[in-house]
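The lines below spell out each chain.
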Amino acid sequence: MPQRSAEDALYNLMSHIRSKLHEKKMIVLISLDIEGAFDSAWWPMIRVRLAEEKCPVNLRRVIDSYLRDRAVEVRYAGARATRQTEIGCVQGSIGGPLLWNVLLDPLLRQLEHQGVYCQAFADDVALVFDGWTALDIESRANAGLEHVRKWGVVSRLRFAPHKTCAMLITRKLKYDTPRLSMGGVAIGMTESVKLLGLTIDHRLTFNAHMAAVCKKAIAIYKQLARAAKVNWGLHPEVTRTIYTAVVEPIIMYAASAWSESVTKIEFRRQLSVVQRGFAQKICRAYRTVSLNSALVLSGILPLDLRIREAASLYEARRGKADGLVGDRDVERMTPAADKPHPAEQGRLEFRDLVDEEQYKTAQQDCEIRIFTDGSKIEGRVGAALSVWNRATETKALKLALSAHCTVYQAELLALSRAVGIASEHPATTIGILSDSRAALQTVANPKASHPLAEEFRRRHTQCKQNGKTINIYWIKAHAGWEGNERADHLAKEAALKSKRRSDYDWCPVSFAKRLIRDRTIAEWDRRYQSGETASVTKLFFPSAADAYRVVGKITADKYITQLFTGHGGFRAYLHRFRCRENPSCPCDQHTPETLLHIISQCPRFGRKRMDLEIEIEMEIKSENFKEIIKKKKKIEKNF
């Protein structure tokens, strides 16, 4: 289904279970197993279902032709065997999942009609029964399972009771266990159920799931460690790509469904074990470098905070910001069910006007022209429309948006209002001109689900049905065309001078995402500063929030990392691991050779130290390290 994913299914399921637990009810989760689901889809039943859904005859004939005279052929050891088949949705086909949905839909509707919470993702069907007592759940669950079995007999689908998993979830200390059966076969209770890749345990601790994903991530690290060493091997950016594109998605899969458990200390320890190795490889640090230092120098966020961040962003996209953006609502995309049928979507295109000759031609083709523009200036956002009849402006409209809105939203709002004016204007040929290619590409793409773009396409279709012609043009910004300059001036006025209520105040997801990231970095910074490790790194980067913005501009290598951590080829450090007989510096046998001694005190490097101090106009001592980092360009120039 469009705009539906496995994470949506798991989030909805866990939200339902938690709501029932909050009511202090007992819950039984049953995961049904269909033997050879897609391979067992019975074609006669698919044909019946298509007729029940009033599928057009011509499409039913196409599907009949598609299903007729299909054969399965097997070749082995020079022999060939062929058998005709009348079951199965062709694996990998585009229509296979649709035919399966048509076949399974009656079961879901019947169960829902009986008051059973059911959920299906492809052939993974989950049933949830709740009640105050085990006896109540037992009677309802067994009735539901019997209904499922009978439906399977009619539809020629076999549900396997011995593979069906059931799990009891409750917060009660004393309780009875429901006795479940299906077709006379008892269904035993398990302590965990794996559903759509997420292991759900009966206490909702998700310990088993965390252990499984961490084990998978560590296996990837062990393979990576063979090819990424401090002095040779994979480039740190390649390691970073592997981490962000492979490891993080494995760990954060369906984070919105289980992120509440990540606050546990044990979870944070497991995640730290996984992340520390990757962070050290990215910044090419020694294995003794602490996690705090490695994270700051590699520029990656702690995994537990990333999980919570992903869960918050998911909920924000669903319109649940939990006070993150105040009393404002987060902008949500138009549901697929509310969009017009693909056959009813008209083709919408726009033309580019790149020179004066093309502009004059477009001017002659349109009775009126509507110029649109959006602007964000001094933290305020506005949009405007300017309606022109030949060389005269006949109407101007200013629109104010909330400060958290973007220029992109302002451009889309102006386009949406422009086509609204066009629908009410008596002229039959109208041109809409905008200098925002991104906004025009959005409204021209029928798959784009932005609510303002969907509103534009809906009004454009109405104008077309009323016999009006709407021509859409892209024009170059600040090219001296009077209408465009006028719209730009009006948009800036709307942003700066408007004192009325905003015409559009939906908070963009990008704004919510930025707030979530700021909250994550603030929590990371608090942990970093209160941590007992990374003492040397804190001399250079006392704040993780500041380091997060700076580290990306520094080309890290093994020497830079040794400088920022103090873990490297220093006699005092090597002596700790018995790689040196004594820790003393060659300049003084009573002074350990540490990083701070070499940088700020050792006379062997006195001349270079003096030259650098003259260049950066600052004394090289530990108190000034954080300021010296800001003079990176001058340091690179001399050394």
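The structure we're discussing is the one just above.
Predicted model only: the values in this text are computed from it and were never measured. Per chain, residue numbering runs from 1 following the sequence as it is written. With pLDDT at 70 or above as the cut-off, local features in this predicted model cover only qualifying residues; side-chain atom pairs require 80 or more to be listed or tallied, and sums for whole chains, interfaces and linings still use all residues. For side-chain calculations, the full set of non-hydrogen atoms in the structure is used, while hydrogens and water are omitted.

(A) Quick peek at the sheet that holds strand β4 (residues 117-121). Strand order in the open sheet formed by four strands is β4-β5-β1-β6, and the pairing between neighbours is antiparallel. Lying at the two open borders of the sheet, with one neighbouring strand each, are β4 and β6 (165-169). Each adjacent strand pair in this sheet contributes to an overall mean axis angle of 15°, direction not counted. If DSSP finds at least two bridges between two strands, the strands pair. Working definition: helices are DSSP H or I runs of at least four residues, strands are E runs of at least two. Numbering for both runs from the N terminus. Where strand β1 (residues 26-32) meets strand β5 (residues 124-131), seven bridges bridge the pair, whose relative direction is antiparallel. Within the sheet, the bridge partner assigned to isoleucine 30 lies in β5 and is leucine 127. The strands that helix α4 (residues 96-113) touches are β4 and β5; relative to β4, the one it contacts most, it runs at about 160°. Orientation is described by axes fitted as lines to C-alpha atoms, over the contacting stretch for helices, and by angles from 0 to 180 degrees between their N-to-C directions. What makes two residues a contact is simply this: any of their non-hydrogen atoms within 4.5 Å.

(B) How the structure looks around empty space enclosed by the protein. Method remark: on a 1 Å grid restricted to protein atoms, a set of points is classed as a cavity if a 1.4 Å probe fits but cannot get out and as a pocket if it is open with protein on both sides within 12 Å along at least five of seven lines; lining residues have an atom within 4 Å of a point. Grid points are joined across faces, edges and corners, and a volume is the space filled by probe spheres set on the points. Applying the stated rule across the entire model yields one cavity of 30 Å³ or more. Within this model, the largest cavity holds a volume of roughly 30 Å³. If you go around the largest cavity, the residues you meet are Lys229, Val230, Gln280, Lys281, Arg284 and Ala285. Along the lines of polarity and charge, the residues of the lining of the largest cavity split into two nonpolar, one polar and three charged. The residue classification treats Ala, Val, Leu, Ile, Met, Phe, Trp, Tyr, Cys and Pro as nonpolar and Asp, Glu, Lys and Arg as charged. All others, Gly included, are polar.

(C) Representation of the pattern of salt bridges. Salt bridges are defined as contacts in which a side-chain nitrogen from Lys or Arg sits within 4 Å of a carboxyl oxygen from Asp or Glu. The full count for this structure, using the stated rule, is 31 salt bridges. With a shortest N-O distance of 2.6 Å, arginine 517 and glutamate 309 are connected by a salt bridge. Here arginine 517 is found in helix α17 (residues 509-530), whereas its partner glutamate 309 is found in helix α11 (residues 303-317), with 208 residues between them in sequence. Judged by its relative accessible area of 6%, glutamate 309 is buried. A salt bridge links glutamate 523 to arginine 526, with the nearest nitrogen and oxygen atoms 2.7 Å apart. In this pair, glutamate 523 and arginine 526 both sit in helix α17, three residues apart, roughly one turn of the helix. To sort residues, take the accessible area from a 1.4 Å probe on protein chains only and compare it with the maximum for the residue type: under 20% means buried, over 50% means exposed, and anything in between is partly exposed.

(D) Looking closely at the nonpolar core. Within the largest apolar cluster, 80 residues are counted, with the highest numbers of intra-cluster contacts made by Ile200, Phe540 and Phe541. With sequence-adjacent residues up to four places away left out, isoleucine 200 is seen in contact with Leu13, Met14, Leu29, Met167, Glu191, Ser192, Val193 and Phe206. Among the nonpolar cores identified, the runner-up in size contains 43 residues, and Ile63, Leu103, Phe129 and Leu145 belong to it. Side-chain atoms within 4.5 Å link the members of a nonpolar core, which is a set of buried Ala, Val, Leu, Ile, Met, Phe, Trp, Tyr and Cys residues.

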